[in-house]
Amino acid sequence: MLKSMHRSLNLFSVLLILTITTIPKENNAQLMKAKEIFSKADSLRGQLTPLRTCYDILYYHLDVRVDIDNKFISGSNLFKFQAINPFNRLQFDLFDNLSIDKIKYQGRDLPFERSYNAVFIDFPKTIEQGKIDSFTVYYSGHPLQATRAPWDGGFDWKTDNNGLPFIATACQGLGASVWWPNKDHQSDEVDSMLISVSVPKNLTNVSNGRLLHTEDLKDGYRKFHWKVENPINNYNVALNIGDYIHFKETYKGEDGNLDLDYYVLRENNKKNKREHLQKNVRETLQAFEHWFGPYPFYKDGYKLVETAHLGMEHQSAIAYGNKYQNGYLGSDGSNTGWGKKWDFIIVHESGHEWFGNNITAKDLGDMWIHESFTNYSEALFIDYFYGKKASQDYVHGNRKGILNDRPLQGPYHVNKEGSGDMYLKGGVIQNMIRTIIDNDEKWRSILRGLNEKFYHSGVDYDDIVNFVSTESGFNLRPFFAQYVQTTGIPTLEIQIGSDGNVLGRWISDIPDFNMPVHIGLKGQKKARILLKDRFTKIEIPGLQKDNIEIDTYNYYIGTLIQ
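Calculation criteria
Residues numbered from 1 in each chain as written. Predicted model: local features only at pLDDT ≥ 70, side-chain atom pairs only at ≥ 80, totals over all residues. Heavy atoms only, no water. Phe/Tyr/Trp six-rings, centres within 6.5 Å; stacked < 30°, edge-to-face > 60°. Helix = DSSP H or I, 4+ residues; strand = E, 2+ residues; numbered from the N terminus. Buried < 20%, exposed > 50% of the residue type's maximum accessible area, 1.4 Å probe, protein only. Domains from an automatic or database assignment. Expected span 1.5 Å × (residues − 1). Contact = heavy atoms within 4.5 Å. Polar contact = N/O pair within 3.5 Å; in protein donor to acceptor, adjacent residues only side chain to side chain. Axes fitted to C-alpha atoms, helices over the stretch in contact; angles between N-to-C directions. Parallel < 35°, antiparallel > 145°, perpendicular 65-115°, else oblique. Left-handed = near helix turned anticlockwise from the far one by under 90°. Nonpolar A, V, L, I, M, F, W, Y, C, P; charged D, E, K, R; others polar.

Student: So what about the packing of aromatic side chains? Which residues, and what values?
Tutor: Using the criterion set out here, one finds 44 aromatic pairs in the structure. Relative to Phe135, the ring of Phe81 lies with its centre 6.0 Å away and its plane at 55°, an arrangement referred to as tilted. With Phe81 in strand S2 (residues 72-83) and Phe135 in strand S8 (residues 132-141), this pair connects stretches of sequence that are 54 residues apart. A residue is classified by how much of its surface remains accessible, and Phe135, at 1% relative accessible area, is buried.

Student: Residues and numbers for the domain arrangement of the protein, please.
Tutor: By domain assignment, the protein separates into domain 1 (40-242), domain 2 (358-485) and domain 3 (491-561). A C-alpha centroid distance of 54 Å is found between domain 1 and domain 3.

Student: Let's hear about helix H10 (residues 440-453): which residues, and what values?
Tutor: Here H10 contains 14 residues, and its C-alpha end-to-end distance of 19 Å stays within 8% of the 20 Å for a straight helix at 1.5 Å per residue. Every buried residue belonging to H10 is among Trp443, Arg444, Ile446, Leu447, Gly449, Leu450 and Asn451, and all of these are buried. On the buried face of H10, the contacting elements are helix H5 (271-292), strand S21 (359-361), helix H7 (367-386), helix H9 (424-437) and helix H11 (461-472). Between a side-chain oxygen at the N-terminus of H10 and the backbone nitrogen of Glu441 the separation is 3.2 Å; the capping residue is Asn439.

Student: An account of the packing of H11 against helix H12 (residues 477-485) is requested, with residue identities and associated values reported.
Tutor: Relative orientation and spacing of two packed helices are given, respectively, by the angle between their axes and the distance between those axes. At their nearest, the axes of H11 and H12 sit 10 Å apart, and the two run at 140° to each other. Judged by the angle between their axes, H11 and H12 are oblique. Seen along the crossing, H11 lies across H12 with a hand that is right-handed. Residues Tyr461, Val465, Asn466, Val468 and Ser469 of H11 pack against Arg477, Phe480, Ala481, Val484 and Gln485 of H12. Here the contact of H11 with H12 is built from residues that sort into six nonpolar, three polar and one charged.

Rendered as structure tokens:
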């Protein structure tokens, strides 16, 4: 997902003053968990109780009809599952403003109870471990209307310039159960699904995966059947309804021919706009397959679908609303100029196909994993086409938007994200890791290795920290703890002894903190020096107070020289 890039706080300009010391802050992620009060609804949505872990979702068939005039939906969802443990009761999720009309199991109605947005059903007998079974939920109602999609969730009911309906769903964070019944937790992605959507015949529905066929109904509606072959997270399942024109092409990628499909409003079916989309998509895939490995969803193809809202990373059906222009709605949040050479929404949301859709955080508290890597994917796109220095300039320019208000990591089990700094600060963090490693081929192998090891699977904080530490050869656990789980940034303190020796140490929030940093003589190549939280001699010949230079351009740190 994306957040506004236009922030005014320029913290880094303060840090460039070498005499300023960053004061460590105490409010790390653990303290945030203790201080915040969460409701029962938060826990029901965010916690993995035995009523949710007892079954694994294998397949959905979502069949929904959209009554546009009344902003009303009705339909069903088939849950095909495998029992992980024996059970006779389970939980699924559906927002309580939507009605459950009935739940069918083996030809009979199942009793159910509702608590906030959670639904509990009881089976007539125990479902034994390992058994594959299914039930179907029939539901209807007026779904929540998004007022600022994609930043809030629900249905985005709009019209195009010709007065025709132009509708989309977006529900990241809020949860897919805002409009359809499912096991609404990021840790359990359905293996495959069929999405069937009925809309008036003069409109087209575009959803994830590949279009199998359409079905003309007798009541003036047409049903579109979309098959998703790859695992998909609930929040990525999307409806896009409009007066669409479809065109396509084939991209020769690392895993063979990849189908590229484009759905644009009829009013925007113009050569220059089509070429803008195609150029940016092809370049994005070229850059990201280089850095991250093959596009993760060749079976389902790649689609770009025009929406009234700005954009979302809906797997294999990326929502696009950037008005056919470069930058972020024409602007460059980094103020370097590099952000206006490519279409921000295409690059950023496509980056999520690797980080977010392929590699998915098991808990919303680790959404920083999605956004930090994807924010940095923008810099890697720049790197691929314009060079490493340009990418570093872009990352450095984005620092002015960092707030350091809350940790990047949110609390677990309560459906709560961390700070919005997960975007800009997240990208800065990835650039720092690359600088620490100081070997771009190794860095590239780590990015590709992440997508290979965690292909189509869920991860948490420890998975990422352990993998990057092991593959880089550096113990980055203190680094991640400092930058992801606290709001402070470490200060590098330099002391010049009376004997002329130059000593350095880190002041940070993390016990036994250590991190390499590049230091050298002004105007000369810098050396990577590992420093800890106690003074260590810096072995650089000729180094003095007036000629020391620290790479504060790529390291997001405070400095104090005495």
